[in-house]
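# Chain and residue survey
The lines below spell out each chain.
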Amino acid sequence: MKALCLSDVSRSFGGLPAVDGLTLTAPAGRVTGLIGPNGAGKTTVVNLITGLLKVGRGRITVGERDVTEASASALARAGVARTFQNIRLIADATVLENVVAGFHRHETTGVLSNLFGLPSSFAERRRLEEKAGALLERFGMTAFAAHPAGSLSYGHQRRIEMMRALAMDPSVLLLDEPVAGMNDSEAHSLAEIFRDVAGQGVAILLIEHNMRFVMSLCTHIYVLASGRLISDGDPEEVGRDPKVIEAYLGS
Amino acid sequence: MKFFLSYIPLFELALFNMLLAFSQYVVLRAGVFSLGTAAFAALGAYTSAILATKLGMSPWIGMAASLVLGAIAGALVAIPLARLRGVFQALATLALVQIMLSITLNWVDVTEGALGINGIPRSVGLFGMFCAVVVVGYFLAVIGASSIGRAFDVIREDETVAVSLGISVPKYHLIAFILSGSIAGFAGGLHAFSSYSITPNEYGFHMLVMVLAMVVLGGRVSVWGPVVGAAILTVLPELLRGFQEYRMVMQGAVLMFAIVFLPRGIVDTAKNIWRARRVAASEAAKTKAVTV
């Protein structure tokens, strides 16, 4: 059970602050929301946490571990998974192959047995395909296993990304607008899965535009505007906060 | 039989080109834009030739040394180039080819300069080349289906996704460079032992462009891509022999056609089409079952 903590994290681009003094905690077993109008710096926050961008000032920790300076791939191996705002899949690869890629951090066969095609290499492939098959079933996508990922609908592609992230068996999961472009029933079925995943002790940070979705799912919500935290609290508190209403309507 | 015998040199050349194309393929599959294959091949060829002619060593030792030196050269190149991507990788590895060329041309005491090394005992024939292609091809197919191949594919398609899944890009680029260097070094050694003589200019710009063209034409995901590409671009010039001066023009036209209309290469495009058909067929079968 590991929590994600940001303390006083800042980052600017060419003197322009994109994220300014953000302090936030996403506890294990909960879905924490991060909302804000367009250009508030939400995706920058995700990129800072995952190490794709270097932190200018401040500290990021996962559990007890300081990951402020960790590289993106080291962070992922430590169990920080994410989805992307603009879906990023291997379009030519099948759905199953895309999900199998998510298991990378759990692969145990060494380089040499992979190079020489030892039985352990083949056994691992079968094992991962079985595990990926189980994920596909959970998301109701078994029928699409052999389809090229790029040929599927937007909603299905979102699910593939989600399965790939869950394949990492993460301790922290960052969801960058996971229900954008989905209808209500699709969003509802995903919400069930998120609750379920959080229930297993994963710290989920949900970045979302869809206010209703965030309100229904999150126990605690942070509101970002122009890179600064303007409000935080439980869904009701945040919903009533005049600063939040102004930030959303004013943009 | 006589007809077949007269084509043996062509078959040997095709097999040699397939090995070079394998070396180019493995880096492109991993998303590394390396042009170093010609340099690694030169290193392997000269290693084998020098060991055989100056030290009188057996071809087996020569080829093993070529393979190992190729692998070491690949590793040494990968480390300083780890931070480079795309066109910068291409330029840096192009420089490697130039460096190798100037060494083989100017270190006359060892390499005999522009005259090249002659009188290498011919100890590898068509069958030996064929076995080498089968072994390397099988090896690459196994690697491609393993965790390494999966990591290569993700890195090539989207490096940001790769790192966010925990894939260490420098590690897999290093593996790709070592594989590319060892395959090209081995190919160079085989070439030296199958062609009596080697000269520096064989391993220059012409080889670099040709090998790259083979993989672009054939495809860079399936291991059959480089095989098909090398076969076509070796046989095509022979078929166009009658056209003499238009030969290069027609070869260039074929390549441009492939890049514009088959950007994934012949084999990978065919594979995608075949898979799409199969999926469509299974869909159709399902809807039929539902309506009935």
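Above this text you will find the structure in question.
First, a word on scope: everything that follows refers to the structure included in this document.

A few words on the sheet that holds strand S7 (residues 172-176) of chain A. Backbone-to-backbone hydrogen bonds pair the strands of a sheet. The strands run either parallel or antiparallel. All names here are of chain A. Spatially, the six strands line up as an open sheet ordered S6-S7-S8-S3-S9-S10, and their pairing is mixed. Across the chains shown, the open sheet's two edge strands, defined by having one partner strand only, are strand S6 (80-82) and strand S10 (228-233). Within the sheet, the average angular offset between the axes of one strand and its neighbour, ignoring direction, is 20 degrees. Here five bridges tie strand S9 (residues 220-225) to S10, and the two strands are oriented antiparallel to one another. Residue pairing for S10: Ala 225 is matched across the bridge by Arg 228. Strands in contact with helix H6 (residues 154-167) are S6 and S7; relative to S7, the strand with the most contacts, it is inclined by about 165 degrees. Lying on the sheet, helix H7 (residues 184-199) is in contact with strand S3 (31-35), S7 and strand S8 (203-207); it crosses S8 at an angle near 150 degrees.

Another point: the state of the cysteines. Residues and elements named next belong to chain A. Taken as a whole, this structure holds zero disulfides over all chains when the rule is applied. This cysteine, Cys 5, is not joined by any disulfide, and Cys 218 carries the nearest cysteine sulfur, 17 Å off. The partly exposed category is assigned to Cys 5, whose relative accessible area is 26%.

What follows covers empty space enclosed by the protein. All names here are of chain A. Inspection of the entire model under this criterion finds four cavities of 30 Å³ or more. What the largest cavity holds in volume is close to 50 Å³. In terms of residues, the lining of the largest cavity owes the most to one element, H6, which gives three residues. For the lining of the largest cavity, the residue count by class is four nonpolar, one polar and three charged.

Turning our attention to the interface of chain B and chain A. Contact residues are listed per partner, giving 31 residues for chain B and 35 residues for chain A. Looking only at chain B, the three residues that lose the most surface to chain A are Arg150(B), Leu165(B) and Arg275(B), adding up to 22% of its buried area. Counting across the interface, chain B meets chain A through three salt bridges. We note a salt bridge from Asp92(A) to Arg264(B), for which the minimum N-O separation is 2.5 Å. On inspection of chain B and its partner chain A, the count reaches seven residue pairs in polar contact (both at pLDDT 80 or more). Put simply, the parts of the chain that give the side of chain B that touches chain A at least two residues each are helix H7 (126-145), helix H8 (147-157), helix H9 (159-164), helix H10 (169-194) and helix H14 (266-291) of chain B.

Parameters and conventions
Residues numbered from 1 in each chain as written. Chains lettered and ligands numbered in written order. Predicted model: local features only at pLDDT ≥ 70, side-chain atom pairs only at ≥ 80, totals over all residues. Heavy atoms only, no water. Pairing = 2+ DSSP bridges. Helix = DSSP H or I, 4+ residues; strand = E, 2+ residues; numbered from the N terminus. Axes fitted to C-alpha atoms, helices over the stretch in contact; angles between N-to-C directions. Contact = heavy atoms within 4.5 Å. Disulfide = S-S within 2.5 Å. Buried < 20%, exposed > 50% of the residue type's maximum accessible area, 1.4 Å probe, protein only. 1 Å grid on protein atoms, 1.4 Å probe; cavity = no way out; pocket = protein on both sides within 12 Å on 5 of 7 lines; lining within 4 Å. Points joined across faces, edges and corners; volume = space filled by probe spheres on them. Nonpolar A, V, L, I, M, F, W, Y, C, P; charged D, E, K, R; others polar. Buried area = accessible area lost by both parts, 1.4 Å probe. Salt bridge = Lys/Arg side-chain N within 4 Å of Asp/Glu carboxyl O. Polar contact = N/O pair within 3.5 Å; in protein donor to acceptor, adjacent residues only side chain to side chain.

Don't take any of this as a statement about function, it's just geometry.
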